[in-house]
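For reference, the chains in residue letters:
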Amino acid sequence: GESVGLHLPTLSVQEGDNSIINCAYSNSASDYFIWYKQESGKGPQFIIDIRSNMDKRQGQRVTVLLNKTVKHLSLQIAATQPGDSAVYFCAETDSGNTPLVFGKGTRLSVIA
Amino acid sequence: KAGVTQTPRYLIKTRGQQVTLSCSPISGHRSVSWYQQTPGQGLQFLFEYFSETQRNKGNFPGRFSGRQFSNSRSEMNVSTLELGDSALYLCASSPLAGEKYFGPGTRLTVT
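Since we're looking at a predicted model, the values are computed, not measured.

A. Region of the structure containing the interface of chain B and chain A. Listed by partner, the interface residues are 20 residues for chain B and 18 residues for chain A. Where chain B abuts chain A, roughly 1,400 Å² becomes buried across the two surfaces, and 55% of that area is made up of carbon and sulfur atoms. Summed over the shared surface of chain B and chain A, the number is 0 salt bridges. Across the chain B-chain A interface, the total number found is 6 residue pairs in polar contact (both at pLDDT 80 or more). For the side of chain B that touches chain A, the secondary-structure elements that each account for two or more residues are β4 (31–38), β5 (42–50), β6 (53–57) and β9 (87–94) of chain B. Among the elements that line the side of chain B that touches chain A, the one with the most residues is β5(B), at 4 residues. Considering only residue class, the side of chain B that touches chain A consists of 8 nonpolar, 7 polar and 5 charged.

Next comes the structure, spelled out in structure tokens:
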């Protein structure tokens, strides 16, 4: 079946640098995408979402880019901090009433 | 507003036993979803309830079941536990559809 996947399982960045986490999706019907952050011992925490009628959305220090042509999603974190160290998941759904499908996750490690 | 709460947080069971996990959604949220998280398979959808009705079901055997009560609280049950059922079980609530808020999870260990 179709699923969401991630390009890189681990990413290490220096504190203060920008981080880019990528995600590929295969369901062309998906129209809503979410990035989650999961810290050790906790459940996934919502970071930012984007609908398919947009190609970019910005939050506080985070930006999500959506390229529907190549079915690619990315999360950019500006000025990465130690507190950003976590596993990041992208998730997709179509029309919002179908279950969220999650990618495998990327572990972000911030080097102080 | 209080977040999603899950009880118990940790559980150890033996093969063949059954287990019931509980989830209390955010006040006002009527949709509750359950996910199983394992290192090998990641986050996999179990089922979703909305207003006491199962709206979606994932590809899990019939040993996995759930229900939702009139106050939106939800329970999931796993019967005849297998070693492979060891996982973090996550509950998420949402007002209608879309953005979901996750609880801390219940860590189930089957020995």
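B. Layout of the nonpolar core. Trp34(B), Leu46(B), Phe64(B), Met76(B) and Tyr89(B) are the most contacted members of the largest nonpolar core, which totals 21 residues. Looking at this core, the elements with two or more residues in it are β3 (19–24), β4, β5, β8 (74–78), β9 and β11 (106–110) of chain B. The contact partners of Met76(B), leaving out residues within four places of it in the chain, are Val19(B), Thr20(B), Leu21(B), Trp34(B), Leu46(B), Phe47(B), Phe64(B), Ser65(B), Gly66(B) and Tyr89(B). Residues Cys23(A), Ile50(A), Leu73(A) and Cys90(A) belong to the second largest nonpolar core, which totals 20 residues.

C. Inspection of the state of the cysteines at higher detail. Inspection of every chain in the model, using the stated rule, returns 2 disulfides over all chains. Across the disulfide from Cys23(A) sits Cys90(A); the S-S distance is 1.9 Å. Disulfide Cys23(A) to Cys90(A): torsion about the S-S bond roughly 60°, handedness right-handed. A residue pair is termed long-range when its members are at least 10 positions apart, and Cys23(A) in strand β3 (residues 19–25) and Cys90(A) in strand β9 (residues 86–93) qualify at 67 residues. We note that Cys23(A), like Cys90(A), is buried. A disulfide bridge connects Cys23(B) with Cys91(B), and the sulfur atoms are separated by 1.8 Å.

Reading guide: rules and limits
Residues numbered from 1 in each chain as written. Chains lettered and ligands numbered in written order. Predicted model: local features only at pLDDT ≥ 70, side-chain atom pairs only at ≥ 80, totals over all residues. Heavy atoms only, no water. Contact = heavy atoms within 4.5 Å. Buried area = accessible area lost by both parts, 1.4 Å probe. Salt bridge = Lys/Arg side-chain N within 4 Å of Asp/Glu carboxyl O. Polar contact = N/O pair within 3.5 Å; in protein donor to acceptor, adjacent residues only side chain to side chain. Helix = DSSP H or I, 4+ residues; strand = E, 2+ residues; numbered from the N terminus. Nonpolar A, V, L, I, M, F, W, Y, C, P; charged D, E, K, R; others polar. Core = buried A, V, L, I, M, F, W, Y, C linked by side-chain atoms within 4.5 Å. Buried < 20%, exposed > 50% of the residue type's maximum accessible area, 1.4 Å probe, protein only. Disulfide = S-S within 2.5 Å.

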